[in-house]
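Read off the chains here:
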Amino acid sequence: MTGFTVAIDGPAAAGKGTLSKAVAAHFGFAHLDTGLLYRAVAAKTLLGVEPIEAAQRLTAQDLDDTDLRTPEVAQAASKVAVIPEVRAALVDFQRAFAARAGGAVLDGRDIGTVICPDAAVKLFVTASAEVRAERRYLELSAKGDPSTRGQVLADVQARDERDMNRAEAPLKPASDAVLIDTSELSIEAAVASAIAAIEARRA
Ligand code: DC
């Protein structure tokens, strides 16, 4: 089954990561969290590297950095993601991953629209900003991060604004994407609806 690609897009903290991992495990597909690419570039810029150069020199090892999940890196990732040359430098890696034999799940912002417009299945996972912020707040506070609820909501809204309104590859559902609103869905229910959408395309 060469090149069976599942594209999962959506805003920050909508549950894409959890859903993508569950779907990949269910079907035995490989999974790439493309946000990590932008986070890894951002982490380098916070150390003083120029963003385009950081993107062009990115290696797979850079994705293993355990400090990529901080709010500071997330905001910086959303900022470097606006730069067309940064996005361009990351395209080939993502497309090669998508084409791997055995199937692949890629999650991000522009997978169904730009990176893999021919993906077999496209899902757009969303939830209200308040629900997403609350989930992210609980996740961060469990890790000991001191951010307040208000700060986390403001961060989510700032990233939404930037990710949806940039000129290059803005966050939006592909015209043929299946929408999954997780605001009032349990993880199990969201995973079940994603699996059903994929099964329908595989049939
Ligand atoms: O999914 P994430 O929260 O790890 O993504 C971090 C930032 O990276 C996000 O705010 C915008 C950017 N991004 C992007 O522009 N395109 C992608 N495919 C994935 C992430």
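Up top you'll find the structure we're talking about.
About the criteria used
- Within each chain, residues carry numbers counting from 1 in the order of the written sequence.
- Residue-level local features of this predicted model are given only where pLDDT is at least 70; pairs of side-chain atoms are given and counted only at 80 or more, and the full residue set underlies all totals for whole chains, interfaces and linings.
- Side-chain measures here rest on the full set of heavy atoms in the structure, leaving out hydrogens and waters.
- Helix numbering and strand numbering both begin at the N terminus, where a helix is a DSSP run of H or I of at least 4 residues and a strand a DSSP run of E of at least 2.
- The atom set for the radius of gyration is the C-alpha atoms, and the globule formula is 2.2 Å times the number of residues raised to the power 0.38.
- Exposure is judged per residue with a 1.4 Å probe applied to protein chains only, and the accessible area is read against the type maximum: over 50% gives exposed, under 20% gives buried, and values in between give partly exposed.
- Throughout, a residue-residue contact means that at least one pair of heavy atoms, one from each residue, lies within 4.5 Å.
- This count recognises Lys and Arg as positive and Asp and Glu as negative, with His and chain-terminal groups excluded.
- Charge positions are represented by NZ for Lys, CZ for Arg, CG for Asp and CD for Glu.
- Pairs of strands are assigned from DSSP output, requiring at least two bridges between the strands.

Peer 1: How should the overall build of the protein be read in this particular structure?
Peer 2: When you go through the protein residue by residue, the secondary structure sums to 9 helices and 5 strands. Counting from the amino terminus, the protein carries its helices and strands in the arrangement β-α-β-α-α-α-α-β-α-β-α-α-β-α. Relative to a compact globule of 203 residues, whose C-alpha radius of gyration would be 17 Å, the protein shows 16 Å and is just as compact. Based on the C-alpha atoms only, the size of the protein along its principal axes is roughly 50 × 35 × 30 Å. Counting only residues that meet the buried cut, the protein has 47% of its 203 residues in that class. Summarising the internal contacts of the protein: among those between residues at least 6 apart in sequence, 80% fall at separations of at least 24. Placing the 23 positive and 28 negative side-chain charges of the protein at their respective mean positions leaves the two points 1 Å apart.

Peer 1: How should the pairing of strand β4 (residues 121-126) be read in this particular structure?
Peer 2: Across a regular strand the side chains alternate sides, sitting on one face of the sheet and then on the other. The buried fraction of β4 is high, at 5 of 6 residues. When strand β1 (residues 5-9) meets β4, the two strands line up parallel, connected through 4 bridges. In the sheet register, A7 faces β4, and the bridge partner there is K122. Note: β4 against strand β5 (residues 178-181), 4 bridges, orientation parallel. Pairing of T126 across the sheet is with D181, part of β5.

Peer 1: Before we go on, may I ask you to explain the environment of P84 in this structure?
Peer 2: Looking at where P84 falls in the secondary structure, it is placed in helix α5 (residues 84-98). Sequence spacing of P84 and A12 is 72 residues, and the spatial spacing of their C-alpha atoms is 20 Å.

Bear in mind that shape data such as this cannot, by itself, settle questions of function.
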